[in-house]
Amino acid sequence: MDARLYKRLRAAAAPYAYDDYKKQKVAKKLAEKQESRIRRAEVLPAVNAELAQRLLSPPEEDKPRKRGKKKSKQGLPTPTEANPLGDDRFGAMFTDERFQVDESTEEYRLRHPPVKSKK
């Protein structure tokens, strides 16, 4: 089969193949740029690192809101809500080893049962 005929038939069979190819190339270049950016490393405390990770992670927005519950007036979290690790009231919880949370104990598992995610 002639190469010119093959190219013509291929273009007729998938008319948007080139557009898809261009979109993929652009997405790949953007991903490469994003990977090369400097990221801010999160510094977690030595004590209760798992708890600190959970507190710093953004809350899930998929949860339905209860009626009558309103957003805060400004919509912005206070500094202690944004980073509870920097709050003086909870500072000892992340520095003193007496406050270490042991997730393997039965008491912890009774108070914090595993939650199944809905998919």
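Residues numbered from 1 in each chain as written. Predicted model: local features only at pLDDT ≥ 70, side-chain atom pairs only at ≥ 80, totals over all residues. Heavy atoms only, no water.

### Quick notes on the overall build of the protein chain
Then comes step 1: Helix and strand counts for the protein chain stand at 5 helices and 0 strands.
Then comes step 2: Listed by position from the N terminus, the elements making up the protein chain come as α-α-α-α-α.
Then comes step 3: The buried share of the protein chain, reckoned over its 119 residues, is 8%.
Then comes step 4: Considering only contacts in the protein chain between residues 6 or more positions apart, those separated by 24 or more positions represent 60%.
Then comes step 5: For the protein chain, the exposed surface amounts to about 12,300 Å²; the carbon and sulfur share of it is 54%. (Helix = DSSP H or I, 4+ residues; strand = E, 2+ residues; numbered from the N terminus. Buried < 20%, exposed > 50% of the residue type's maximum accessible area, 1.4 Å probe, protein only. Contact = heavy atoms within 4.5 Å. Areas by Shrake-Rupley, 256 points an atom, 1.4 Å probe, with all protein chains shown as cover.)

### As for the side chain of Asn 48
Then comes step 1: Summarising the element assignment, Asn 48 is placed in the loop between α2 (17-36) and α3 (49-56).
Then comes step 2: Overall, Asn 48 belongs to the buried group, its relative accessible area being 2%.
Then comes step 3: At 2.8 Å, the side chain of Asn 48 forms a polar contact with the backbone nitrogen of Val 101.
Then comes step 4: Discounting chain neighbours no more than four positions away, the residues touching Asn 48 are Met 93, Phe 94, Phe 99, Gln 100 and Val 101. (Polar contact = N/O pair within 3.5 Å; in protein donor to acceptor, adjacent residues only side chain to side chain.)

### Looking at the confidence of the model for the protein chain
Parts of the prediction with low pLDDT should not have their coordinates interpreted in detail.
Then comes step 1: Averaged over every residue, the pLDDT of the protein chain is 80; the share at 70 or more is 76%.
Then comes step 2: Predicted confidence in the protein chain is weakest over helix α4 (residues 79-82), with a mean pLDDT of 54, and strongest over α2, with 93. (pLDDT = per-residue confidence, 0-100.)

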